[in-house]
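# Coordinates in review
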Amino acid sequence: MHRVWAEIDTAAVRHNLAAIRQRVGDTRVMAVLKANAYGHGAVEMAKLLAEESIDAIGVGDSGEALELRDAGISTPILIVGGIIPGEMPRVVANDIEVNLHTSQMAEDLNAEAEKQQRRVRVHLKVDTGMGRLGMQPFEAVPFLHNLRRLRNLELVGLCTHFSLPYERNPSFTTRQIEHFNLAVEVAERLGYRDLTLHCSSSLAVFGRDDAYFNMVRTGIALWGLLPGDRHGFEDQLKPALELKSRILFLKDVPEGTPIGYSRTYYTPAPACIATLPVGYNDGYRTTLSNRAEVLLHGVRCPVVGRVSMDYTTVDVSMVPDAAVGDEITLIGKDGDERITLSEIAGWGEAIPYEILCGLGRRVARVYS
Ligand SMILES: *Cc1c(COP(=O)(O)O)cnc(C)c1O
């Protein structure tokens, strides 16, 4: 029995993958499993997606890549951002693909691969407007020219990342696509063939069918969500994660009782206050204090007072038969009510991604 747990609906993840595949057709799909698969459990999700013949897996760093290799995952793995020089030995030794951003990085990685007598599969990341990682399209010409010299590197892909695919005016994304196409042309003219071309994250999968190229990189859509405002595609996806806890302690208090650190809440009337064993250490942020709601017996109950490290207090006066041990839904559905991740993100002044990634280590993951 758990104090706080995430219920992960594996059928929903399979459903979401099918919805993504239905949209992109023959385009390959990379599942982005960084940040412990956005809190869903990277190893479990990688195994499930391998069963579904996922084409590739994306991770955030070499530690995340190794965790999957150690669990026996043999699917191609790409570190979707960048690596630091200290990560090169294990990247080379474990057959992990990386993005290159500079010539120096290519030289260093080639030297390490030569030392280990191995070949490394690399992708070139082009910055087409994100302004974060990747080289400018014009730098790709000398870079790709030089790369042919580096015998222990094999260029297998070319990629970019979109900054705001959901902006109202989509011309910026169109320009990013055009710049990417320039880099593709350069690579082809230099004789590179069969490159995996990939740009789109989840939102572009559902919003930009002109940007699939031959692979898409999906994270959040696998978990049943899309970022930003409603887009009209949400109905094709199923949220895969619910966050639950139980009432640990219950007490009736008189009007005017201060609740929690710093007395940020006083009961305006006699109340029944439930204490839940979940707090900011579990990712239930302090910004949810005096704002969020939870579900008990299908009824919305407000969080009152400050969320602390291990505990959260809730006014359950509107549920007269509340009892110690009763299940609480922090994210998800109970009866006719549902608390969505977007709702939590709104109350918590965060984005849904942050809430998922922030789920703590002691939140048990329960798969169904
Ligand atoms: C995280 C990430 C993705 C996946 O983004 P979603 O919005 O979750 O689909 C794709 N590409 C890169 C480079 C990323 O860092």
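Residue numbers here run from 1 along each chain, matching the order of that chain's written sequence. Note on the predicted model: pLDDT of at least 70 is required for a residue's local features to be given, and 80 or more for side-chain atom pairs to be given and counted; whole-chain, interface and lining totals, by contrast, use all residues. Hydrogen atoms and water are omitted, and side-chain values are computed over all heavy atoms in the structure.

Turning our attention to a nonpolar patch on the surface. Patches in this entry comprise residues that are over 30% relatively accessible and not in a salt bridge; like charges within 9 Å are linked, as are nonpolar side chains (Val, Leu, Ile, Met, Phe, Trp, Tyr) within 5 Å. Each accessible area is a Shrake-Rupley estimate made with a 1.4 Å probe; only the visible protein chains count as cover when residues are assessed. In the sections that follow, a salt bridge refers to a side-chain nitrogen of Lys or Arg positioned within 4 Å of a carboxyl oxygen of Asp or Glu. On the surface, L248, F249 and Y311 cluster together into a nonpolar patch covering about 260 Å² of accessible area. Tracing the chain through its elements places F249 in strand β11 (residues 249-253). Exposure categories follow from relative accessible area, calculated using a 1.4 Å probe and restricted to protein chains: below 20% of the type maximum is buried, above 50% is exposed, and the middle band is partly exposed. Using a relative accessible area of 41% as the deciding quantity, one classes F249 as partly exposed. Helix numbers and strand numbers start at the N terminus; a helix is a DSSP run of H or I with at least 4 residues, a strand a run of E with at least 2.

Before going further, it helps to examine helix α6 (residues 103-115). Take the residue count of a helix, subtract one, and multiply by 1.5 Å to get its expected span. Under the 1.5 Å per step criterion, the end-to-end length of α6 is 18 Å for 13 residues, consistent within 8% with the ideal 18 Å. Among all positions in α6, only M105, A106, L109, N110, E112 and A113 are buried. Down the axis of α6, the buried set is contained in an arc of 160 degrees. They therefore lie on one face. Exposed and facing more than 90 degrees away from the buried side of α6 are Q104 and K115. Every residue pair with non-hydrogen atoms within 4.5 Å of one another is taken to be in contact. Those residues of α6 that are buried are in contact with α5 (88-93), β5 (97-100), β6 (120-125), α7 (140-147) and β7 (153-159). Taken from the residues just after α6, Q117 is the one with a positive phi, measuring 55 degrees. Note that the arc is computed from the directions linking the helix axis to the C-beta atoms.

Let us now look at the domain arrangement of the protein. Entries for the protein in the domain assignment read domain 1 (10-226) and domain 2 (241-367). These domain boundaries are the output of an automatic or database domain assignment. Look at where the C-alpha atoms of domain 1 and domain 2 centre, and you get two points 38 Å apart. With 11 residues of domain 1 in contact, the opposing surface of domain 2 contributes seven residues. Taking both sides of the interface into account, the surface hidden between domain 1 and domain 2 amounts to around 900 Å²; carbon and sulfur atoms contribute 72%. Definition of a polar contact: a pair of N or O atoms within 3.5 Å, with one able to donate and the other able to accept a hydrogen when the atoms are protein atoms, and with sequence-neighbouring residues admitted only if both atoms are side-chain atoms. Scanning the region where domain 1 abuts domain 2 turns up three residue pairs in polar contact (both at pLDDT 80 or more). Put simply, the parts of the chain that give the side of domain 1 that touches domain 2 at least two residues each are α2 (34-38) and α3 (42-51). When residues of the side of domain 1 that touches domain 2 are assigned to their parent elements, the largest contribution, three residues, is made by α2. Summed over both partners, the accessible surface that disappears when two parts come together, traced with a 1.4 Å probe, is what is meant by buried area.

Turning our eyes to something else, we now look at unusual backbone geometry. The phi dihedral of D194 is positive, around 55 degrees, even though this residue is not glycine. As for its position among the elements, D194 is in the loop between α8 (171-189) and β8 (196-198). With relative accessibility at 76%, the residue D194 sits in the exposed group. Despite not being glycine, H297 shows a phi value in the positive range, around 50 degrees.

Judged by nonpolar contacts, the single largest core of 119 residues is most densely connected at L49, L144, L147 and Y284. Split by domain, this core shows at least three residues from each of two domains, domain 1 (10-226) and domain 2 (241-367). With residues up to four places along the chain from it excluded, the contact list for L147 reads L100, A106, L153, L155 and Y192. In this description, a nonpolar core means a group of buried Ala, Val, Leu, Ile, Met, Phe, Trp, Tyr and Cys residues linked to one another through side-chain atoms lying within 4.5 Å. Within the second largest apolar cluster, six residues are counted, among which are V253, Y265, A271 and V304.

Here we come to the packing of helix α1 (residues 10-24) against α3. The axes are straight lines fitted to the C-alpha atoms, using for helices just the contacting stretch, and the angles between their N-to-C directions are given from 0 to 180°. Contact geometry for α1 and α3: axes closest at 11 Å, N-to-C directions at 50 degrees. Viewed along their axes, α1 and α3 adopt a mutual orientation that is oblique. The two elements α1 and α3 meet at a crossing, and its hand is right-handed. Residues T10, V13, R14 and L17 of α1 form the contact with α3, whose participating residues are M45, L48, L49 and E51. All residues other than Ala, Val, Leu, Ile, Met, Phe, Trp, Tyr, Cys, Pro, Asp, Glu, Lys and Arg, Gly among them, are scored as polar; the first ten of these are nonpolar and the last four charged. Each residue belonging to the contact of α1 with α3 can be placed in one class, and the counts come to five nonpolar, one polar and two charged. The scheme is simple: roughly parallel for angles under 35 degrees, roughly antiparallel for over 145, roughly perpendicular for 65 to 115, oblique for anything else. By definition, turning the near helix anticlockwise from the far helix through less than a right angle yields a left-handed crossing, and turning it clockwise yields a right-handed one.

Taken in spatial order, the three strands line up as β11-β14-β17 in an open sheet, and their pairing is antiparallel. The two strands at the open ends of the sheet, each matched to only one other strand, are β11 and β17 (312-315). On average, each strand axis in the sheet is tilted by 25 degrees relative to the strand beside it, whichever way the strands run. Pairing between strands requires that DSSP locate at least two bridges from one strand to the other.

On to the site of the ligand, then. For this description, a residue counts as near a given molecule or strand if any of its non-hydrogen atoms is within 4 Å of it. The environment of the ligand is made up of 13 residues, and the closest members are K34, Y38, S202, I220 and Y353. One of the side-chain nitrogen or oxygen atoms of R217 is found 2.8 Å away from a nitrogen atom of the ligand. Separating an oxygen atom of the ligand from a backbone N or O atom of G219 is a distance of 2.9 Å. Its free accessible area being 390 Å², the ligand has 92% of it covered by the protein chains. Class assignment of the residues belonging to the shell around the ligand gives a composition of five nonpolar, five polar and three charged.

Attention shifts here to the pairing of β17. Along β17, one buried face is formed by T312 and V314 and the opposite face, lined by T313 and D315, is buried too. Pairing analysis gives four bridges linking strand β14 (residues 271-276) to β17, with the strands arranged antiparallel. Paired with A274 across the bridge in β17 is V314.

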